[in-house]
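# Commentary on secondary and tertiary structure
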Amino acid sequence: MENDLMKKMTLSVIIAAKNEGHQIEACVKSVSFADEVLVLDSGSTDDTVTRAQEAGATVHMTDWPGYGPQQQRGIKLAKSDWVLSLDADELVSDALREEILAAMIQTDFDGFFLPRHSSFCGVFIEHGGWRPDFTLRLVRQPLAGFTDHFLHAHMTVNGRAGHLKAPIIHYSYRTLDDVLEKLNRYSRGAARDLADRGGSSTLTKAIFKGFWAFFRTYFIRRGFLDGQMGLALAIYNSQTTYYKYLRLWMAKTKNHSANN
């Protein structure tokens, strides 16, 4: 009976990608149990498309409207009963695969929060707010949505959500170059989202927010228990937050000067 129920539930996986040739294959193969894997490629200049297709994914070539709108496109393209949203730097473990298959046949929930186990420059982080890091990723397709944030949009469900136990394996910052590139990109995108929602900043606020991000990561969330890499992560969080508010302050100041 259980096997019959499982056959009735189908799964689509959505992956947004650009220049992810070094990791897209592993990501796609980790969800080979899904009924379809959709990769939305926004103009890769490397071998992302070829590697994704060779791994078994269907690739859709698109522009880049922002993370949320891109994921919303994927949801609309999905043909299955359930949708799983992944990033190209994430993998589904064997344990999580079994939990997902079991979750899709139950009737209590319409979506599920999945924990993530993330690495920073090759070291998996246990504290600092990085674990368990629950994020909504598995939702019944008709009830799934995404917020419209340009950066760090999140999935939504029009119904009840439960929690799974096995984590997504997240290779979030593979090298120091990744850290520096994402510091710039994430602070820019976060400043844009903050501005779109009427946020404001000053230089003093940027300094305070950066300091608070460090204190929260390293002390309140016990990042110090991750040793030297925990300290490095706390400094990174501080810098990203500082530059987010600094960008917003400078943009507002520039616009004010231009209008006078």
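Below is a short write-up of the structure. All values derive from a computational prediction rather than experimental measurement.

To continue, consider the sheet that holds strand 8 (residues 123-124). The four strands are arranged 5-13-7-8 in an open sheet whose pairing can be described as mixed. In the strand order of this sheet, the two ends are held by strand 5 (90-92) and strand 8, each with one partner. The sheet contact formed by strand 5 and strand 13 (residues 168-173) spans three bridges and is antiparallel. Bridging from a neighbouring strand, leucine 91 pairs with isoleucine 169 of strand 13. Packed on one face of the sheet, helix 6 (residues 176-196) meets strand 7 (116-120) and strand 13 and runs near 90° to strand 13.

Backbone-to-backbone hydrogen bonds join strands into a sheet, with any given pair of strands oriented parallel or antiparallel. Read across the open sheet, the seven strands follow the order 3-2-1-4-9-6-12; overall the sheet is mixed. Of all strands in the sheet, those bounded by a partner on one side alone are strand 3 (58-61) and strand 12 (161-163). Going from strand to strand, the sheet's axes swing by 25° on average, the running direction of each strand aside. Where strand 6 (residues 111-114) meets strand 12, three bridges bridge the pair, whose relative direction is parallel. Bridge pairing in strand 12 links phenylalanine 113 to histidine 163. The sheet contacts of helix 3 (residues 48-55) involve strand 1 (11-17), strand 2 (36-41) and strand 3, and relative to strand 3 the element is tilted by about 150°.

The element strand 7 is extensively covered by neighbouring structure, given that five of its five residues are classed as buried. In the sheet, strand 7 pairs with strand 13 via four bridges, with the strands oriented parallel. Following the sheet pairing, arginine 116 is matched in strand 13 by isoleucine 168. Note: strand 7 against strand 8, two bridges, orientation antiparallel. Looking across to strand 8, one finds that serine 119 is bridged to phenylalanine 124. Between strand 7 and strand 8, which follow one another and run antiparallel, lie two residues, and cysteine 121 among them has a positive phi close to 55°.

Moving on to the pattern of salt bridges. Summed over the entire model, instances satisfying the criterion amount to 14 salt bridges. Measuring nitrogen to oxygen at the nearest pair gives 3.8 Å for the salt bridge that ties aspartate 89 to lysine 182. Of this pair, aspartate 89 sits in the loop between strand 4 (82-87) and strand 5 while lysine 182 sits in helix 6, placing them 93 residues apart in sequence. Of the two residues, aspartate 89 and lysine 182, neither departs from the other in class, the shared state being buried.

What counts and how
- Residues numbered from 1 in each chain as written.
- Predicted model: local features only at pLDDT ≥ 70, side-chain atom pairs only at ≥ 80, totals over all residues.
- Heavy atoms only, no water.
- Pairing = 2+ DSSP bridges.
- Helix = DSSP H or I, 4+ residues; strand = E, 2+ residues; numbered from the N terminus.
- Contact = heavy atoms within 4.5 Å.
- Axes fitted to C-alpha atoms, helices over the stretch in contact; angles between N-to-C directions.
- Buried < 20%, exposed > 50% of the residue type's maximum accessible area, 1.4 Å probe, protein only.
- Salt bridge = Lys/Arg side-chain N within 4 Å of Asp/Glu carboxyl O.

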